[in-house]
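Chain by chain, the residues:
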Amino acid sequence: MNVWRYQICESVEIDAPLEKVYTLASNPELVPSYATEIARIELVRSLSEHLVLVRSYLKVMWLTFGSLYRYHYRPPTHYSGVQEGRGVIRGYFTLSFSSRGTGTSVSHTEG
């Protein structure tokens, strides 16, 4: 069976220290301010020091859909998530952070 999947990759340089960029980018309350397709993110439960289960509310046109995601945190270099329980239609994202002089390089992949 052929399954169509998409994947996008982008990177950006930010003129701010690594730890500050990571802290802001990985804060669930702030994610909707830079990812406009996200209405909000709610913590469901912490699974471990680096793993949490969240419900992410995605905006699609005039509708909002809630989906469970497993978020993985490895400060200050990695933040990612994968959609839970969706079978073939299962989204994911990853953000990687690295120092570049006095700034930070952020690489983003999702699909």
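Residues numbered from 1 in each chain as written. Predicted model: local features only at pLDDT ≥ 70, side-chain atom pairs only at ≥ 80, totals over all residues. Heavy atoms only, no water.

This part covers the packing of aromatic side chains. Per the counting criterion, the structure on display carries 7 aromatic pairs. Ring geometry for Tyr22 against Phe97: centres 5.1 Å apart, planes inclined by 75 degrees, an arrangement best described as edge-to-face. Of this pair, Tyr22 sits in helix α1 (residues 18–25) while Phe97 sits in strand β6 (residues 92–100); the two residues are 75 residues apart in sequence, bridging distant segments of the chain. The residues Tyr22 and Phe97 share a single accessibility class, namely buried. Measuring from centroid to centroid gives 5.2 Å for Tyr79 and Phe93, while their planes differ by 70 degrees, and the two rings are edge-to-face. Of this pair, Tyr79 sits in strand β5 (residues 78–83) while Phe93 sits in strand β6, placing them 14 residues apart in sequence. A relative accessible area of 2% means that Tyr79 is categorised as buried. Given the relative accessible area of 14%, Phe93 is considered buried. Taken together through their ring pairs, the aromatic side chains of Tyr69, Tyr71, Tyr73, Tyr79 and Phe93 make up a single cluster. Above the plane of the ring of Tyr57 lies Arg40, whose end atom (NZ or CZ) is 3.8 Å from the centre. (Phe/Tyr/Trp six-rings, centres within 6.5 Å; stacked < 30°, edge-to-face > 60°. Helix = DSSP H or I, 4+ residues; strand = E, 2+ residues; numbered from the N terminus. Buried < 20%, exposed > 50% of the residue type's maximum accessible area, 1.4 Å probe, protein only. Lys NZ or Arg CZ within 6 Å of the ring centre and 35° of its normal.)

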